[in-house]
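# Breakdown of the fold
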Amino acid sequence: MKILAIESSCDETAAAVVVDGRDVRSNIISTQIPIHTLYGGVVPEIASRKHIERVNQVIRKALSDAGETVDSIDAVAVTYGPGLVGALLVGLNAAKAIAWAADKPLIGVNHIEGHIAANFIENKDLNPPFLCLVVSGGHTHLVRVLDYGKYEILGRTVDDAAGEAFDKIARVIGLGYPGGPKIEEDARAGDPTAYHFPLAHVRGSEYDFSFSGLKSAVLNFLNSEAMKCDAAKRRDTLLSDSAHSKSGVGDIPLIDGKLFGTIQRSDLSASFQKAIVDALTTRAFLAAENEGEKRIALAGGVAANSALQSSMREEAKKRGIEFFCPSKILCTDNAAMIGCAGYYELMKGRRSPLSLNAFSDLPIGASNGE
Ligand code: KG4
Ligand code: ZN
């Protein structure tokens, strides 16, 4: 079954052709990152507009790279939530138009379920059940994948998502958007043990996550450093040192790679990244141990983080658990994963109506608008 898949939930306009769920014939991604970087984060209005400008070209390229046409494909899969509604509507309406005009079945796919399905593409032998840690810009979930399209949520973040924490701290320390890859790069030169930031435990729910405490701990640390810094001395240093620059939104002075001239920024990045990685790894393997899971997969944009991948891989090896993670291009937003998830939905006989709507919030395992 040849599926044309479309994804436009945030700042990537993407289309792909996927055959029988796991054979990716084309995977086109047009990213808007350079535009949103100018504003320090995704501007929803701009995202919608850029999707409109690009969606047709991206779909055309995905079809032509795969040697297909709208008539030769068998179905259209599209992300219908969760995400930015204005952005989602662009991909959804393009998918509906093609499904209607070419008389093909339409299947709405949950974006998070798409991230989980990304693991199937390169691991041809992977089948449910397994445990999956989904970490993206908007979501952090620990999910037991019971069957294709069937999930049990074991844990979730009670406040910020892991990617959101990366993005917020990156902005404050002047690394800009998107925070995850910027912090990962900066952390390479840093010492992860330089600063200790606490791992928050959510009382009463051992598999849940909380990242707002970590974010506050970093901000408090920066604030106390700011207060320690003598204002006059800082002003003098700034005026005399030609190597300084403002570090960004937080307006923290950056002198020779040091925030306030005292905190090595790469050490802070590495320590912050370690705190997130430790929180994610600890909870995921606690769940695997308690629930007797022998296979664990990683998914979502933050799964592209090398430190997280290494930590999870190492822990899995120690415990004799099989570990899976998509390649970077399939971790961050793409349409191949939507084609894969859509295939298994269609195989179950599911179809979405042409009245399918977009949803900013959409629970994992929700129906496809049938
Ligand atoms: O899955 P995704 O592409 O979009 C959403 O569904 O949200 O995830 C985007 C998030 C952003 O917060 C971004 O900073 C984070 O994933 N991210 C990373 C890395 N690459 C992307 N976080 C840490 N390390 C990375 N290498
Ligand atoms: Zn995503």
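What counts and how
- Residues numbered from 1 in each chain as written.
- Chains lettered and ligands numbered in written order.
- Predicted model: local features only at pLDDT ≥ 70, side-chain atom pairs only at ≥ 80, totals over all residues.
- Heavy atoms only, no water.
- Domains from an automatic or database assignment.
- Contact = heavy atoms within 4.5 Å.
- Buried area = accessible area lost by both parts, 1.4 Å probe.
- Salt bridge = Lys/Arg side-chain N within 4 Å of Asp/Glu carboxyl O.
- Polar contact = N/O pair within 3.5 Å; in protein donor to acceptor, adjacent residues only side chain to side chain.
- Axes fitted to C-alpha atoms, helices over the stretch in contact; angles between N-to-C directions.
- Helix = DSSP H or I, 4+ residues; strand = E, 2+ residues; numbered from the N terminus.
- Parallel < 35°, antiparallel > 145°, perpendicular 65-115°, else oblique.

## Regarding the domain arrangement of the chain
- Each assigned domain of the chain is listed here: domain 1 (2-118 + 329-347) and domain 2 (127-326).
- On a C-alpha basis, the centroid separation for the pair domain 1 and domain 2 is 28 Å.
- On the side of domain 2, 21 residues touch domain 1, which itself brings 19 residues to the contact.
- Both sides of the domain 1 and domain 2 interface together cover about 1600 Å² of buried area, and 73% of this is carbon and sulfur.
- When the buried area of domain 1 at its contact with domain 2 is split by residue, Ile112, Ile116 and Cys331 rank highest and sum to 37% of it.
- Where domain 1 meets domain 2, there are 0 salt bridges.
- Across the domain 1-domain 2 interface, the total number found is 7 residue pairs in polar contact (both at pLDDT 80 or more).

## With respect to the packing of helix 4 (residues 111-122) against helix 12 (residues 336-347)
- One can describe the packing of helix 4 onto helix 12 by two numbers: an axis separation of 7 Å at closest approach and a directional angle of 95°. In this view, helix 4 runs roughly perpendicular relative to helix 12, as classed from their interaxial angle. Contact residues: His111, Glu113, Gly114, His115, Ala117, Ala118, Phe120 and Ile121 in helix 4; Ala336, Met337, Ile338, Cys340, Ala341, Tyr344 and Glu345 in helix 12.

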